[in-house]
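Fold and contact review
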Amino acid sequence: MLERMAREQLVDNPNAIFRMGEDIRAFGRYLIHPAQDGYQIFRGATLAAQTDSSRVAISWCIADKLNKHDLTQEMIWADQAVTWRTREIEYFRHTLAVSQDLQKKYVVTDRLNDALTKLRYAQDRLDKCLNLAKYWQHKGFNDETSRTGIKN
């Protein structure tokens, strides 16, 4: 009986987010699994998306649950852009550190500044997406009891 109650309140609850070992279960239908290069999001047994942070993964699940598919795509794009720009900046900084050619340093410095600007833009887009998902999640709760699945 206790196991059945726990399953109803946690695993099958359409509003619950909780950890099960390393994995995160969300909304009764998503499994967020840590991978070597980020987090994999499974909808049932199907790999639905892959992100770099658990925060983005949970926000993705919120948007997908509410059928905000444009938001899910924007979130994945912004997350990938942040990752790519971060790696690009690391490469430029390494090149600046090891390069002896002054002309090459000027070119790499310009590219580094451009990459930093684009990183800030991508981070702003990602933050807007995450905040929008959080807004939609909070908007879905009419009162405290809806979060736990208790019917009025």
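Scroll up to find the structure.
To start, this report covers the structure provided alongside it. (Residues numbered from 1 in each chain as written. Predicted model: local features only at pLDDT ≥ 70, side-chain atom pairs only at ≥ 80, totals over all residues. Heavy atoms only, no water.)

1. Describing helix H2 (residues 54–65)
Given 3.6 residues to a turn, an α-helix orients residues that are three or four positions apart in the same direction. The end-to-end C-alpha distance of H2 is 16 Å, a good match for the 16 Å that 12 residues give at a rise of 1.5 Å each. Burial within H2 is extensive, with nine of its 12 residues counted as buried. Of all the positions in H2, only Val56, Ala57, Ser59, Trp60, Cys61, Ile62, Ala63, Asp64 and Lys65 are classed as buried. Against the buried residues of H2 lie strand E2 (23–26), strand E3 (30–35), strand E4 (38–43), strand E5 (46–51), helix H3 (69–98) and helix H4 (102–139). Within two residues after H2, asparagine 67 carries a phi angle of roughly 60°, on the positive side. (Helix = DSSP H or I, 4+ residues; strand = E, 2+ residues; numbered from the N terminus. Expected span 1.5 Å × (residues − 1). Buried < 20%, exposed > 50% of the residue type's maximum accessible area, 1.4 Å probe, protein only. Contact = heavy atoms within 4.5 Å.)

2. Considering the layout of surface pockets
Of the pockets and cavities examined, the largest pocket occupies roughly 200 Å³. Lining the largest pocket are 13 residues, with Ile17, Ile58, Ile62, Lys134 and Gln137 sitting closest to its centre. For the lining of the largest pocket, the secondary structure elements donating two or more residues are H2 and H4. Here the element with the most residues in the lining of the largest pocket is H4; it accounts for five residues. Of the residues assigned to the lining of the largest pocket, the class counts are six nonpolar, five polar and two charged. (1 Å grid on protein atoms, 1.4 Å probe; cavity = no way out; pocket = protein on both sides within 12 Å on 5 of 7 lines; lining within 4 Å. Points joined across faces, edges and corners; volume = space filled by probe spheres on them. Nonpolar A, V, L, I, M, F, W, Y, C, P; charged D, E, K, R; others polar.)

3. So, the packing of H2 against H4
Direction vectors running N to C along H2 and H4 enclose 50°, while the axes themselves pass 9 Å from each other. Judged on the interaxial angle alone, H4 and H2 are oblique. Between H2 and H4 lies a crossing whose hand is left-handed. Across the interface between the two elements, Arg55, Val56, Ser59, Ile62 and Lys65 from H2 touch Leu126, Asp127, Leu130, Asn131, Ala133 and Gln137 from H4. Each residue belonging to the contact of H2 with H4 can be placed in one class, and the counts come to five nonpolar, three polar and three charged. (Axes fitted to C-alpha atoms, helices over the stretch in contact; angles between N-to-C directions. Parallel < 35°, antiparallel > 145°, perpendicular 65-115°, else oblique. Left-handed = near helix turned anticlockwise from the far one by under 90°.)

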